[in-house]
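Descriptive analysis of the structure
Chain by chain, the residues:
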Amino acid sequence: MAREKSCGAIAFTCLNGVRYYVIVQQIDGHHGFPKGHVEGDESEIMTAMREIKEETGLEPKIMHGFRYEDSYLLPNKADTLKQVIYFLAEYSNQILVPQASEIKQIELLPYDEAYQRLEYYSLKRALHLAEHFLQTSK
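Residues numbered from 1 in each chain as written. Predicted model: local features only at pLDDT ≥ 70, side-chain atom pairs only at ≥ 80, totals over all residues. Heavy atoms only, no water.

Remarks on helix α1 (residues 44-56)
Taking 1.5 Å per residue, 13 residues should reach 18 Å; α1 reaches 18 Å between its end C-alpha atoms and fits that length. On its buried face, α1 is in contact with β1 (2-15), β2 (18-26), β4 (35-37), β5 (61-74), β6 (77-90) and β7 (103-110). Gly57 lies just past α1 and shows a positive phi near 80°. (Helix = DSSP H or I, 4+ residues; strand = E, 2+ residues; numbered from the N terminus. Expected span 1.5 Å × (residues − 1). Contact = heavy atoms within 4.5 Å.)

What to know about the packing of aromatic side chains
Summed over all chains, the structure comprises five aromatic pairs. The interplanar angle of 75° and the centroid separation of 5.6 Å between the aromatic rings of Phe33 and Tyr86 together place this pair among those described as edge-to-face. Linking Phe33 in the loop between β3 (31-32) and β4 with Tyr86 in strand β6, this pair joins segments that are 53 residues apart in sequence. Each of the two residues, Phe33 as well as Tyr86, counts as buried. An aromatic cluster is present here, built from Phe12, Tyr21, Tyr111 and Tyr115 joined pairwise through their rings. Its end group placed over the ring of Tyr115, Lys124 keeps NZ or CZ at 4.6 Å from the ring centre. (Phe/Tyr/Trp six-rings, centres within 6.5 Å; stacked < 30°, edge-to-face > 60°. Buried < 20%, exposed > 50% of the residue type's maximum accessible area, 1.4 Å probe, protein only. Lys NZ or Arg CZ within 6 Å of the ring centre and 35° of its normal.)

Focus on the UniProt feature "domain: Nudix hydrolase" (unreviewed entry) in the protein
On the UniProt side, "domain: Nudix hydrolase" (unreviewed entry) is annotated at positions that read residues 2-131 here. Note that residues 2-131 is 24% helix and 49% strand, and that its end C-alpha atoms are spaced 33 Å apart. (UniProt positions renumbered as here; feature names shortened; annotations may be inferred.)

Notes on the environment of Asp70
By the secondary structure assignment, Asp70 is in strand β5. Not counting the four nearest positions on each side in its chain, Asp70 is found in contact with Lys82, Gln83, Val84 and Ser122. Within the local environment of Asp70, its side chain forms a polar contact with the side chain of Ser122, the two groups lying 2.9 Å apart. (Polar contact = N/O pair within 3.5 Å; in protein donor to acceptor, adjacent residues only side chain to side chain.)

Quick look at the pairing of β5
Where β5 and β6 come together, 11 bridges link them in antiparallel fashion. The partner of Asp70 across the bridge, within β6, is Val84. Linking β5 back to β6 in an antiparallel pair, the connection comprises two residues. (Pairing = 2+ DSSP bridges.)

This is the structure we're talking about:
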């Protein structure tokens, strides 16, 4: 079985005491978090930071202590197992700039709206765990 690995992050910012999450809509239509393939000898965090910058224009700070791993068979390549690692990343005072070749739009949404926007259970779970982590790590 072939394998692919991508890394990204659940990026957020706080505005007026409310946490807003970055939700990207891929060109193919689905909503998720910025992520992409590991290149060369990049670490997981290096890949996540590069992909966030490429897809959203952001340069957030990775928060230590949160790592979410998801694995699934690719729908268009049933013999390929995809592993995706998500970190938690915070930013402030930066402008969101969608990567035209991959990102249809970027939304900045509070938790409940972000949760509803995500189509896949694994992404909803990742967001839920990230929110729980942030609420309990203060």
